[in-house]
Amino acid sequence: VFQLYGYCYQDSNDIPDTLTTITELGSPLEMIQLLQTSWEDRFRICLSLVRLLHYLAHSPLGSVTLLDFRPRQFVIVDGELKVTDLDDASIEESSCTSNSDCFMEFPARNFTLPCSVEGRCQNMNEKRNLYNAYRFFFTYLLPHSAPSSLRPLLDKIVNATGNRNKRGNANYFLFHLSPSFNSEFTQKCVKSANTKYRRVPEAFIPDENYRCWPSYHHKGCLLSVFDVNEAIEICDSYSQCKAFVLTNQTTWTGRQLVFFKMASNHIMPDPDKITYVKVTD
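Rules used throughout
Residues numbered from 1 in each chain as written. Predicted model: local features only at pLDDT ≥ 70, side-chain atom pairs only at ≥ 80, totals over all residues. Heavy atoms only, no water. Helix = DSSP H or I, 4+ residues; strand = E, 2+ residues; numbered from the N terminus. Buried < 20%, exposed > 50% of the residue type's maximum accessible area, 1.4 Å probe, protein only. Contact = heavy atoms within 4.5 Å. Pairing = 2+ DSSP bridges. Axes fitted to C-alpha atoms, helices over the stretch in contact; angles between N-to-C directions. Polar contact = N/O pair within 3.5 Å; in protein donor to acceptor, adjacent residues only side chain to side chain. Patch = residues over 30% accessible without salt bridge, like charges linked within 9 Å, V, L, I, M, F, W, Y side chains within 5 Å. Areas by Shrake-Rupley, 256 points an atom, 1.4 Å probe, with all protein chains shown as cover. Salt bridge = Lys/Arg side-chain N within 4 Å of Asp/Glu carboxyl O. Phe/Tyr/Trp six-rings, centres within 6.5 Å; stacked < 30°, edge-to-face > 60°. Lys NZ or Arg CZ within 6 Å of the ring centre and 35° of its normal.

- Under an unreviewed UniProt entry, the protein chain has the name PKDCC kinase and belongs to Chordeiles acutipennis.

**Digging into the environment of Q249**
Now for step 1: Mapped onto the secondary structure, Q249 falls in strand 12 (residues 243-250).
Now for step 2: Residue class for Q249 comes out partly exposed when judged on its relative accessible area of 44%.
Now for step 3: Put simply, Q249 and D272 are 23 residues apart on the chain and 9.4 Å apart in space, counted from C-alpha to C-alpha.
Now for step 4: Those residues in contact with Q249 that lie beyond four places of it in its chain are R255, Q256 and L257.

**Some points on the sheet that holds strand 14 (residues 268-278)**
Now for step 1: Read across the open sheet, the five strands follow the order 10-14-12-13-11; overall the sheet is antiparallel. Only two strands of the sheet have a single neighbouring strand rather than two, namely strand 10 (197-204) and strand 11 (221-225). Within this sheet the neighbouring strands show an average axis-to-axis angle of 30 degrees, counted without direction.
Now for step 2: As paired elements, strand 12 and strand 13 (residues 256-261) share five bridges and run antiparallel to each other. Bridging across to strand 13, V245 finds its partner in F259.

**Details of the environment of T97**
Now for step 1: Here T97 is to be found in the loop between strand 7 (89-90) and strand 8 (103-105).
Now for step 2: When the C-alpha positions of T97 and G119 are compared, they lie 5.8 Å apart, and in sequence the two are 22 residues distant.
Now for step 3: Here D101 takes part through its side chain, which lies 2.8 Å from a polar atom of the side chain of T97.

**So, a nonpolar patch on the surface**
Now for step 1: Taken together, the side chains of L4, Y7, Y9 and L19 define a hydrophobic patch exposed on the protein surface, amounting to about 510 Å² of accessible area.
Now for step 2: Here the nonpolar patch takes three residues from strand 1 (residues 4-10), the largest share from any one element.
Now for step 3: Along the chain, the position of L19 falls in strand 2 (residues 18-23).

**Some thoughts on the packing of aromatic side chains**
Now for step 1: According to the stated counting rule, one finds 13 aromatic pairs in the structure shown.
Now for step 2: Ring geometry for F106 versus Y131: centroids 4.5 Å apart, planes at 50 degrees, classification tilted. Taken together, the residues F106 in the loop between strand 8 and strand 9 (110-112) and Y131 in helix 3 (residues 124-141) connect sequence positions 25 residues apart. Neither F106 nor Y131 differs from the other in exposure class; each is buried.
Now for step 3: Ring centres of Y131 and Y134 lie 5.4 Å apart, and the angle between their planes is 35 degrees; on these two criteria the pair is classed as tilted. Of this pair, Y131 and Y134 both sit in helix 3, three residues apart, which is roughly one turn of that helix.
Now for step 4: According to the relative accessible area criterion, Y134 is buried, its value standing at 15%.
Now for step 5: Through successive ring pairs, a cluster of aromatic residues spans F106, F111, Y131 and Y134.
Now for step 6: Note that K261 overlies the ring of F259, its terminal NZ or CZ placed 5.0 Å from the centroid.
Now for step 7: Directly above the ring of F204 sits K273, whose terminal nitrogen or CZ lies 5.1 Å from the centroid.

See the structure below:
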C-alpha cells in the first residue's frame, strides 16, 4: 500500500471541510510498457502483488477485498506495485444461507464458494482479490518470456490462481513464489560453452552496440546474468555478439548487468568493468 507522509485538514469560508493528503509518488501502471520490460522486473511486480494479497487476506481489520481491482488503481514505486485507491475496499464477507448465495461471476469464469455454518461465504474476499490478480496481472506478466527452468512452476501457480483450487490462496502463492524464484533463477547453472573468450580486465567497449530483447538499455543489449558462463552462453546465442562487458551494477535480485557488443575494435580503460572478447580462428 502506498505510504501516507502527512495530511492537513482545512475548514474556512473559502474552502470548507477539505482534507489534503501527501503520499509517496508513483508512476501510472501501463500494461503495454510492462510487457516490454525484462521478465525479472515483471516478476518483481508480481511478487509485490502477492505480498499485497497476503496482507489484505490477513490485515488487522480482517480479510479485505478490493471491489474495484483494476490496473488503474495501482502505481509503480521503485519497481514494485502499490495500490493507491482504497475507496472501494471492503471487509464485509457476503452473507448466505446456501452455497448458491456464494456465486462469484467474472467475464470469463464463475465460481461458487461454500457457505459456512456462520452464514458467511468462505474466503470470498480473498478469492475475489486472487482471481482479479490472475486476470489483470499474472496471466500477462508471469509466463511471458519466463526462464525455462521456472516455467513449470509458473504454469502451476497461474493455473492455481485461475481455478477454484483449495490451495489457491495468498499463503500458497507467497510460500511458493519467492523461495522457488531465489533457488531457480538467481542460481542458474549453465554449461560452459566451447567458444573461447579473452579476458581484458579494467576495460570497456563504449560503442559497437546492437539491440536485443528484453534489454535494460533501449539503445543496446544490456542483460542480467548469474555468472560469466551464462554471459558466454548468451553471447554465443547471438550471431552478432563478438564481446561482452561485465559491469559492477546488479539488478534487484543480485544478478550482474552485462553489455553485449558486436565488435571489440575500440577498447577503453575502465577500472569498474571487465571485457571478454570472443577469440576467432
